[in-house]
Amino acid sequence: MSYTVCAMPSSDPRPHLVPVYTAERGILEGPAIRLAIGETVLGRDEGTGLLAFPGDSLVSRRHARLTVNDEPWRVAIEDLSSKNGTFVNGRPIETIGLVDGDVVRMGQSFFVVRWRSRPEESASDIPGRAPGQIRMRADIERIDPHVRLVMLHGGEGCVFDNATAAIHRRMNPEGGIQHLDGAQADSDVLNRLLSGAATVVVSNVESLQPEAVGLLAASPMAPIIATTTADPDALMGDGLLGQAAVEFQRVIRIPRLVERRDDLLGLLKAALGEDSPPISIDLIETLLIYGWPGDVMELIEVATELRIRGAGLDALVTELVSPRLRGGRTGRLIPNDPLTQVDVRRPVPSRPDLEGLMTIHNSDVDAIAGVLGRSRMQVMAWIRQYGLDEDDA
């Protein structure tokens, strides 16, 4: 068993600020800002470009000071007795050293601190500004049609679709793509697919039966992308794939959502859709510092609940999802809990929203009813109204 783990070329990372939201411009997905050595004062009367805050009334004229030293690189931020305070990872600060991944808020503006080699990345079909996403993109960009066997691994709740599509375009630009779940793979079907010209994406590769694993090790004609949420070292060491001597030419890791604070609001915006209400500042901060144990699938669930429960409201607020982010469901308000005391209007979900909830909750009507704050009978009535499969519920 052997495989190659890709790595970015070594370079000298230096501190940057990645703007993720400002009151004037909303959600931002542009380049990072390289921080100059020395002191930089931030405020309404200071700064240029994305470090100017003319539209943020909660930012003081001289709000905070950044101090950057090199040899080695260090960054500190000091609040300059601002009226509304400076916050790092949701906590008010006076003076603090910043590390990679910290979230800084001044007024209604948010930045993520990053140590990066350069502020901008070349255009690609694999978007994202977070360092983990940049590393994954570099790994994928090195793939060409000579690469025939790739493993793609991520955590529980990871979504593989965009990465597998990008890898396929580089491995097999003229071919089609076939998907097969390793947990349900039949050896005859797998053998037939591997004899063709289409790229075969085998999800849950750790669930393949031994005879099916042997087919992967036999250098089939079709290029293969194997996806897994298992530990790749264990899987290819003493595990089934290692025992069968499957030789992956590339092993690529998808970064967890918690590593992608730079990209999170853009992903949420895409999941919410075009016509959703604006996101409150408190909710933005809550989502940026949340740990996201359920990864991207949890973000999709949160967006679905915000879209349904927030329809008709002036803004999407933390109270709509605060029980979920504390480990509970958002369907029913918690008595005497100030975090959930909000006048939540409960609109009828659209067919796509209901279908999405059925997919997320495996058609568990009780779970869907809890999310919507409605009765099981009401949910069943909507399922019948939209002509969805009641047997799946």
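Residues numbered from 1 in each chain as written. Predicted model: local features only at pLDDT ≥ 70, side-chain atom pairs only at ≥ 80, totals over all residues. Heavy atoms only, no water.

The next subject is the packing of helix α9 (residues 295-309) against helix α11 (residues 351-360). One way to put it is that α9 packs onto α11 with a least axis distance of 11 Å and a crossing angle of 145°. Between α9 and α11 lies a crossing whose hand is left-handed. Packed against α9, whose contacting residues are Ile-300, Glu-301, Thr-304, Arg-307 and Ile-308, the element α11 presents Asp-353, Leu-357 and Ile-360 at the interface. Each residue belonging to the contact of α9 with α11 can be placed in one class, and the counts come to four nonpolar, one polar and three charged. (Axes fitted to C-alpha atoms, helices over the stretch in contact; angles between N-to-C directions. Helix = DSSP H or I, 4+ residues; strand = E, 2+ residues; numbered from the N terminus. Left-handed = near helix turned anticlockwise from the far one by under 90°. Contact = heavy atoms within 4.5 Å. Nonpolar A, V, L, I, M, F, W, Y, C, P; charged D, E, K, R; others polar.)

The next point concerns the side chain of Gln-133. Within the secondary structure, Gln-133 sits in helix α1 (residues 131-141). For Gln-133, a relative accessible area of 6% corresponds to the buried category. A polar side-chain atom of Gln-133 sits 3.5 Å from a polar atom in the side chain of Arg-260. (Buried < 20%, exposed > 50% of the residue type's maximum accessible area, 1.4 Å probe, protein only. Polar contact = N/O pair within 3.5 Å; in protein donor to acceptor, adjacent residues only side chain to side chain.)

Spatially, the four strands line up as an open sheet ordered β5-β6-β7-β10, and their pairing is antiparallel. The sheet is open, and its two borders are formed by β5 (38-42) and β10 (95-98), each paired with just one other strand. For this sheet, the mean inter-axis angle between neighbouring strands, taken without regard to orientation, is 20°. (Pairing = 2+ DSSP bridges.)

Okay, α1 next. An α-helix turns once every 3.6 residues. As a result, residues three or four positions apart point the same way. With respect to burial, α1 is a largely interior element, nine of its 11 residues being buried. If you follow the buried residues of α1, they end up packed against β12 (109-116), α2 (161-171), β17 (248-253) and α7 (261-272).

For the rest of this paragraph, the subject is the pairing of strand β2 (residues 14-22). Of all nine residues in β2, nine are buried, a share of seventy percent or more. As paired elements, β2 and β12 share seven bridges and run antiparallel to each other. Residue pairing in the sheet places Pro-19 in a bridge with Phe-111 of β12. Sheet analysis places β2 next to strand β4 (residues 33-34), joined by two bridges and oriented antiparallel. Its bridge partner being in β4, Leu-17 is matched across the sheet by Ile-33. Looking at chain direction, β2 and strand β3 (residues 26-27) are connected through two bridges and run antiparallel.

Take the nonpolar core next. Counting residues in hydrophobic clusters, the biggest one holds 31 residues, and the most contacted among them are Phe-110, Leu-268, Ile-284, Trp-292 and Leu-306. Contributing elements (two or more residues each) for this core: β2, β12, α7, α8 (281-289) and α9. (Core = buried A, V, L, I, M, F, W, Y, C linked by side-chain atoms within 4.5 Å.)

Ring pairs (aromatic) are described by centroid distance and by the angle formed between their planes. Going through the model one piece at a time under the given rule, you end up with three aromatic pairs. On the basis of an interplanar angle of 70° and a centroid distance of 6.4 Å, the ring pair of Tyr-21 and Phe-110 is categorised as edge-to-face. In this pair, Tyr-21 sits in strand β2 while Phe-110 sits in strand β12, placing the two residues 89 residues apart along the sequence. The pair Tyr-21 / Phe-110 is uniform in exposure class, with both members buried. With a centroid separation of 4.8 Å and an interplanar angle of 80°, the aromatic rings of Tyr-290 and Trp-292 are classed as edge-to-face. For the pair formed by Tyr-290 and Trp-292, the shared burial category is buried. Positioned above the aromatic ring of Phe-87, the side-chain terminus of Arg-105 is 4.1 Å from the ring centre. (Phe/Tyr/Trp six-rings, centres within 6.5 Å; stacked < 30°, edge-to-face > 60°. Lys NZ or Arg CZ within 6 Å of the ring centre and 35° of its normal.)

Moving on to the side chain of Ser-60. Residue placement: Ser-60 occurs in the loop between β5 and β6 (64-69). On the basis of relative accessible area, Ser-60 is assigned to the buried category, the value being 14%. Dropping the residues within four chain positions of it, Ser-60 is found in contact with Gly-43, Arg-44, Ser-82 and Lys-83.

Our next topic: the environment of His-146. Turning to its location among the elements, His-146 is positioned in the loop between α1 and β13 (149-153). Its relative accessible area of 68% is what places His-146 among the exposed residues. Remark: the alpha-carbon pair of His-146 and Arg-170, spanning 24 residues in sequence, is separated by 9.5 Å.

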